[in-house]
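Working through the structure, step by step
Here's the letter readout for the chains.
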Amino acid sequence: LQNESMCSVFLKNRDILDKECGLTSEKIPQLRDLSKFLQKTTGFRLKPVHGILSQREFLNSLAFRTFCCTQYLRHHSTPEYTPEPDIVHELLGHVPMFVDPDFADLSQLIGLYSLGANEDQITRLGALYWYTVEFGACKEDGKMKGYGAGVALSLIHI
């Protein structure tokens, strides 16, 4: 479904990750190897975290070109969707877009705006992130295509 539903930038970057790192729906490489690739490609790094961070912690990390990744794996009873991010969501949904320099810069910019922001501003930046990076869509060749990680990995949304 991704080939028909996701934007060309996502698909191109997914293919690059497959070629350079071996990231596929069948194989997930070590996080450190993906992080090294992203660092040389766009300057972003992947940081393993335990559990869900606060919006402030998560957004602040983006300012330093760091994407925090949860480490648990979704339950086998719901392989198509998980309401909380898991390692499959992070690596097959988010990482392909962090290969794109413009997307990486946008993510850092959102993070920079979060530094020193008050709670209302954090809530607004969190919503901006949610409706773009998580569930973003764009028009490509006259058709709606997804680029958000939640769209990429959820058959319900595709």
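That block above? That's the structure.
The structure reproduced in this document is the subject of the present report. (Residues numbered from 1 in each chain as written. Predicted model: local features only at pLDDT ≥ 70, side-chain atom pairs only at ≥ 80, totals over all residues. Heavy atoms only, no water.)

**Quick notes on the packing of helix H6 (residues 101-114) against helix H7 (residues 119-134)**
Our working rule: The axes used here are C-alpha line fits, helices contributing only the stretch in contact, and every angle between their N-to-C directions lies in the interval 0 to 180 degrees. Segments assigned H or I by DSSP are reported as helices when at least four residues long, segments assigned E as strands when at least two residues long, and all are numbered from the N terminus. Working definition: roughly parallel below 35 degrees, roughly antiparallel above 145 degrees, roughly perpendicular at 65 to 115 degrees, and oblique for all remaining angles. Each crossing gets its hand from how the near helix is turned against the far one by less than a right angle, where anticlockwise is left-handed and clockwise is right-handed. Should any heavy atoms of two residues lie within 4.5 Å, those residues are counted as being in contact.
Between H6 and H7, the shortest axis-to-axis distance is 9 Å and the interhelical angle comes to 165 degrees. With respect to each other, H6 and H7 are oriented roughly antiparallel. Here the hand of the crossing between H6 and H7 comes out left-handed. Where H6 abuts H7, its residues Phe-103, Ser-107, Ile-110, Tyr-113 and Ser-114 lie against Ile-122, Leu-125, Leu-128, Tyr-129 and Val-133.

**A few points about the pairing of strand E2 (residues 66-70)**
This is how the line gets drawn: When a residue's accessible area, from a 1.4 Å probe over protein chains only, is under 20% of the maximum for its type it is buried; when over 50% it is exposed; and in between it is partly exposed. The pairing criterion is simple: DSSP has to find at least two bridges between the two strands. Handedness of a crossover is defined as follows: orient the strands so they point away from the viewer, and if the path from the first strand over the helix to the second runs clockwise, the crossover is right-handed.
With five of its five residues buried, E2 lies for the most part within the structure. Because side chains alternate across E2, one face comprises the buried residues Thr-66, Cys-68 and Thr-70, and the other comprises Phe-67 and Cys-69, equally buried. By the bridge criterion, five bridges tie strand E1 (residues 45-49) to E2 in an arrangement that is parallel. Across the sheet, the residue bridging to Pro-48 is Cys-69, located in E2. Crossover E1 to E2 through helix H4 (residues 55-63) is right-handed.

**Brief notes about the pattern of salt bridges**
For clarity, the threshold we go by: Salt bridge, as used here: a side-chain nitrogen of Lys or Arg that lies within 4 Å of a carboxyl oxygen of Asp or Glu.
Counted by the stated rule, this structure contains four salt bridges. A salt bridge links Asp-15 to Arg-14; the shortest N-O distance between them is 3.6 Å. Its relative accessible area of 45% is what places Asp-15 among the partly exposed residues.

**Here we look at the packing of aromatic side chains**
Note the threshold: Classification of ring pairs rests on two measures: the distance between centres of Phe, Tyr or Trp rings, Trp counted by its six-membered ring, which must be within 6.5 Å, and the angle between planes, read as stacked under 30 degrees, edge-to-face over 60 and tilted in between.
Applying the stated criterion to the full structure yields six aromatic pairs. With a centroid separation of 4.6 Å and an interplanar angle of 45 degrees, the aromatic rings of Phe-44 and Phe-98 are classed as tilted. Here Phe-44, found in the loop between helix H3 (31-41) and E1, pairs with Phe-98, found in helix H5 (residues 87-98); they are 54 residues apart in sequence, far enough to count as distant. With a relative accessible area of 0%, Phe-44 lands in the buried category.

**Let's talk about a nonpolar patch on the surface**
Put simply, the test is: A patch consists of residues exposed above 30% relative accessible area that lack any salt bridge, with like charges linked at up to 9 Å and nonpolar side chains (Val, Leu, Ile, Met, Phe, Trp, Tyr) linked at up to 5 Å. Accessible surface area values rest on a Shrake-Rupley calculation with a 1.4 Å probe, where residue burial reflects the displayed protein chains alone.
A cluster of nonpolar residues, Phe-64, Leu-109, Leu-112, Tyr-113 and Leu-115, forms a patch on the protein surface that exposes about 530 Å² of accessible area. Inspection of the secondary structure puts Leu-112 in helix H6.

**Considerations on the nonpolar core**
What counts, and what does not: Residues belong to a common nonpolar core when they are buried Ala, Val, Leu, Ile, Met, Phe, Trp, Tyr or Cys residues joined through side-chain atoms within 4.5 Å.
Counting residues in hydrophobic clusters, the biggest one holds 39 residues, and the most contacted among them are Leu-17, Leu-46, Leu-59, Leu-62, Phe-67 and Tyr-129. The dominant element in this core, judged by the number of residues it contributes, is H5, at six residues. Once residues lying within four places of it in the same chain are set aside, the contact partners of Phe-67 are Phe-44, Arg-45, Leu-46, Lys-47, Phe-58, Leu-62, Glu-90, His-94, Phe-98 and Tyr-129.

**Quick word on the environment of Ser-114**
With respect to the helices and strands, Ser-114 occurs in helix H6. Note on Ser-114: relative accessible area 0%, which makes it buried. In contact with Ser-114, other than residues within four places in its own chain, are Arg-56, Leu-59, Asn-60, Ile-122 and Leu-125.

**Re unusual backbone geometry**
The phi dihedral of Arg-65 is positive, around 55 degrees, even though this residue is not glycine. With respect to the element layout, Arg-65 can be found in the loop between H4 and E2. Phi is positive for Asp-141, close to 55 degrees, though the residue is something other than glycine. What makes Asp-141 exposed here is its relative accessible area of 79%.

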